[in-house]
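Residues per chain, in single letters:
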Amino acid sequence: MPYKRITLTHFLLQEQRRLGRSGVFTALMTDILTACKMVSHEVNRGALVGNHGVAGSENVQGEEQKKLDVLANDIFLHMNALGGNYAAMASEELEDVHAVHGTAEGRYLLLFDPLDGSSNIDVNISVGSIFSILRLPEGADASKADAFLQPGVQQVCAGYALYGSSTMLVLTTGSGVHGFTLDRDVGMFFLTHPHMTIPADTKEFAINASRARFWEPPVKRYVDECLAGKEGPRGKDFNMRWVASMVAEVHRILVRGGVFMYPKDVENAKKGGKLRLMYEANPMAFIIEQAGGAATTGTERIMEVQPTDLHQRIAVILGSKNEVELIESYHKG
Ligand code: P6P
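Residues numbered from 1 in each chain as written. Predicted model: local features only at pLDDT ≥ 70, side-chain atom pairs only at ≥ 80, totals over all residues. Heavy atoms only, no water.

Q: Teacher, can you tell me more about the UniProt feature "binding site: substrate" (unreviewed entry) in the protein here?
A: Taking the UniProt record as the reference, the feature "binding site: substrate" (unreviewed entry) is found at D116, G117, S118, S119, N208 and K274. Within the secondary structure, S119 sits in the loop between β5 (108-116) and β6 (127-135). Those residues within four positions of S119 in sequence are excluded, and the remaining contacts are K66 and A244. Note that N208 resides in the loop between β11 (204-206) and α4 (217-227). You can call N208 partly exposed: its relative accessible area is 21%. If we ignore the near neighbours within four places in the chain, the residues touching N208 are W215, W242 and Y262. A polar contact of 2.6 Å, which involves the side chain of N208, links it to the side chain of S210. (UniProt positions renumbered as here; feature names shortened; annotations may be inferred. Helix = DSSP H or I, 4+ residues; strand = E, 2+ residues; numbered from the N terminus. Contact = heavy atoms within 4.5 Å. Buried < 20%, exposed > 50% of the residue type's maximum accessible area, 1.4 Å probe, protein only. Polar contact = N/O pair within 3.5 Å; in protein donor to acceptor, adjacent residues only side chain to side chain.)

Q: How should I be thinking about the UniProt feature "domain: Fructose-1-6-bisphosphatase class 1 C-terminal" (unreviewed entry) in the protein in this particular structure?
A: Per the UniProt entry, the sites bearing "domain: Fructose-1-6-bisphosphatase class 1 C-terminal" (unreviewed entry) are residues 198-331 in this numbering. From the first C-alpha to the last, residues 198-331 spans 23 Å; its make-up is 35% helix and 16% strand.

Q: Looking at this model, I keep getting lost on the nonpolar core. Mind explaining?
A: Looking at soluble globular proteins, one finds that nonpolar side chains tend to be buried together. Core analysis: the largest hydrophobic core is formed by 48 residues, its most contacted members being Y160 and L318. Looking at this core element by element, the count peaks at nine residues for helix α6 (residues 277-290). Mapped onto the domain boundaries, this core takes at least three residues apiece from domain 1 (8-195) and domain 2 (204-332). Beyond its immediate chain neighbours, meaning those up to four positions away, Y160 contacts S129, I130, F131, M168, L169, V170, V247, V250, H251, L254, M284 and I287. Core analysis: the next-biggest nonpolar cluster, separate from the first, contains 41 residues, L77, V127, F180 and L182 among them. (Core = buried A, V, L, I, M, F, W, Y, C linked by side-chain atoms within 4.5 Å. Domains from an automatic or database assignment.)

Q: I tried to follow the site of the ligand on my own but got confused; where do I start?
A: Around the ligand, a shell composed of 13 residues is seen, among which D116, N208, W242, M246 and Y262 lie nearest. In the model, an oxygen atom of the ligand is placed 2.5 Å from a nitrogen or oxygen of the D116 side chain. Between the ligand and W242, the relevant distance is 2.9 Å, taken from an oxygen atom to a side-chain nitrogen or oxygen of the residue. Within the complex, the protein chains bury 81% of what would otherwise be the 400 Å² of accessible surface of the ligand. When contributions to the shell around the ligand are tallied by element, the ones reaching two or more residues are β13 (259-262) and β14 (275-276). For the shell around the ligand, a count of residues per class yields six nonpolar, three polar and four charged. (Near = heavy atom within 4 Å. Areas by Shrake-Rupley, 256 points an atom, 1.4 Å probe, with all protein chains shown as cover. Nonpolar A, V, L, I, M, F, W, Y, C, P; charged D, E, K, R; others polar.)

This is the structure in structure tokens:
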């Protein structure tokens, strides 16, 4: 019976009672899920309303902003300020911290990549929003970046919205990973993927193979062994995927296993990698670990890295536990 479904809000309230928690997660999530529904609406309307193309500006990363990057960022900033739960926010699209004034004294910090993979927008390939929630440390100044520089193990909640063939919201609050699908007719997210878990083994890897000439030896060894197939040392054939949208890659891994790599290489080493620690790597690492997977820089657990800058980049290798541990063993020699 299709009406016997559980909404995201009901699920959070059930979790709240089951775990004896305060209502804070339900409140924190309410504004985020509204923002994700609004972004989904704008992504879906796309070219019909002139949402494709560039905004004519650059973000703090020096990347050309798409119109939807700017719109998604504005939606996240506006909707998540209204609830009064956040003392401040940090966005991939903003150089500095966005302090929230004039609302209830929020005790949480929200970090987000409002539209990840936006180079895929104009070619109608899945994109997503990534978010991470931290507590505001006692006595910290929420308007300063230092308040945000906490290792990933301090996250109280992390998740993403995937604007794909359907819009999904996947999140963890530290008690497993659960997926919700947006019913546009009702305007609500409904629980469709409870207790998502990642198979420990896989035959599928994801990496941007055009960067092979820059790879360090452990990555090159791993990929070469996968490409050698069943006649090679792995004794099995592998498949490769690369969507250039981290949210889509992580979701595929959550559903059927796999490993995603954006490693540090000889070309991006000075920057520390490509992906950002605070609002891409950490939230995804929290989700992957809660689903039974692993997430490493190659030499250390991503969630234990002590951040030094709000927009710092980091190497990311995550997914099926046994595969990630094999890659890590190659890095450690
Ligand atoms: P490349 C998107 O820009 C992103 O941050 C991730 O979503 C994605 O996995 C990666 O960069 C794609 O990078 O170098 O293949 O364009």
